[in-house]
Amino acid sequence: MRLPKRFRNISLILGTLIVLAIVICAIFAPYLSTHGVEQMDMRNRFSGPTLSHWLGTDNFGRDLWSRLIYGARVSLTIACISVAASALIGTAVGLIAGYFGGWTDLILMRITDIFLGFPAIVLALAIVAVLGPGIVNVAIAIIVVAWTEYARVVRATTLMLREQNYVQAARALGAHPVRILVREILPNAMGPIIVLASLGFGTAIIAESALSFLGFGLPPPAPTWGWTLAYGTRFMRDEPWLAIIAGATIMVTVLGFNLLGDGLRDALDPRHLSRSAGKKK
């Protein structure tokens, strides 16, 4: 079965392939790793890529390939938790604010503005400093700074959708507001939410890596990409491949999610669908 033409754009295909490759590496890390993630070989410190160590070793002689694919597990786990929770909270706030309007909209959007007023990385650092390291705490820090984007976008979409005839008809028939939000408005707002979520994965991975790089993420010897990059920068002059490989891993992963988000935006954009329909006519 062939995919519709709008789902065959190059950004969507390339992004899907990159993300799928990263996810496969994370899921099957125990089978794809060539060495134990904490296995040290001090005689082979700073070894370059070899048949035994595909991407070389770090300053403790640990296999870089194994640490990176296990690090993908950490990054994707935190990204999944933070994106799911951020989308849930932000979507609920946006739906309520956009549909009911008035004081409800005013209060919820001013609360959103307060969170937007803090620099994201500073707020995340403060939260992790208070809660302490750990996957859940890092995810909470990312959630606190990420839900506002969903709230803004969903509110704008809801303001438009609530004036549509099918919503007005449901109101006239006496449908409960919750039913209207869940059955009528939310399904038609899923396009922007899906695009934001796909882009949010890349943002969450960068945030987690930045927190780990600054020493506020998971404590060592956790195989996080941020810690690997931080260790690599200490030896950038003599052994540059450590930082380069870790940085390239983060870059390619984020690029994959961004391409996926751009591709989904093009595929789900009503204007794109209208243009396609016009060409067929």
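Chains are numbered independently. Their residues run from 1 in the order of the written sequence. Confidence filtering applies because this is a predicted model: local features only for residues at pLDDT of at least 70, side-chain atom pairs given and counted only at 80 or more, and all residues used for totals across whole chains, interfaces and linings. Only hydrogens and water are set aside; all other atoms, that is, all heavy atoms of the structure, feed into the side-chain values.

1. Some details on empty space enclosed by the protein
- Residues are said to line a cavity or pocket when one of their atoms sits within 4 Å of a point; the points come from a 1 Å grid over protein atoms alone, cavities being sets where a 1.4 Å probe fits but cannot get out and pockets being open sets with protein on both sides within 12 Å along at least five of seven lines. Grid points are joined across faces, edges and corners, and a volume is the space filled by probe spheres set on the points. Applying the stated criterion across every chain yields a total of one cavity of 30 Å³ or more.
- Reported here for the largest cavity is a volume of approximately 60 Å³.
- Every residue along the wall of the largest cavity is listed here: Asp58, Asn59, Arg62, Leu64, Arg67, Thr228, Tyr231, Gly232 and Leu242.
- Elements that contribute at least two residues to the lining of the largest cavity include exactly helix 3 (64–100) and helix 9 (225–234).
- Starting at the N terminus, helices and strands are each numbered in turn, a helix being any DSSP run of H or I of at least four residues and a strand any DSSP run of E of at least two. With three residues, the single largest contributor to the lining of the largest cavity is helix 9.
- Of the residues that constitute the lining of the largest cavity, the class distribution is three nonpolar, three polar and three charged. Under the grouping applied here, Gly and all other residues not named as nonpolar or charged are polar, the nonpolar ones being Ala, Val, Leu, Ile, Met, Phe, Trp, Tyr, Cys and Pro and the charged ones Asp, Glu, Lys and Arg.

2. Some remarks on the nonpolar core
- Working definition of a nonpolar core: buried Ala, Val, Leu, Ile, Met, Phe, Trp, Tyr and Cys residues. They are joined through side-chain atoms within 4.5 Å. Burial classes: relative accessible area under 20% of the type maximum marks a residue as buried, over 50% as exposed, and values in between as partly exposed (1.4 Å probe, protein chains only). In this structure, Ile78, Ile205 and Trp225 are the most contacted members of the largest nonpolar core, which totals 41 residues.
- Listed by contribution, the elements that provide at least two residues to this core are helix 1 (10–27), helix 3, helix 5 (120–131), helix 6 (135–161), helix 8 (177–213) and helix 10 (241–268).
- For this core, the element with the most residues is helix 3, which contributes nine residues.
- Within the second largest apolar cluster, 11 residues are counted, among which are Val167, Ala170, Ile180 and Ile193.

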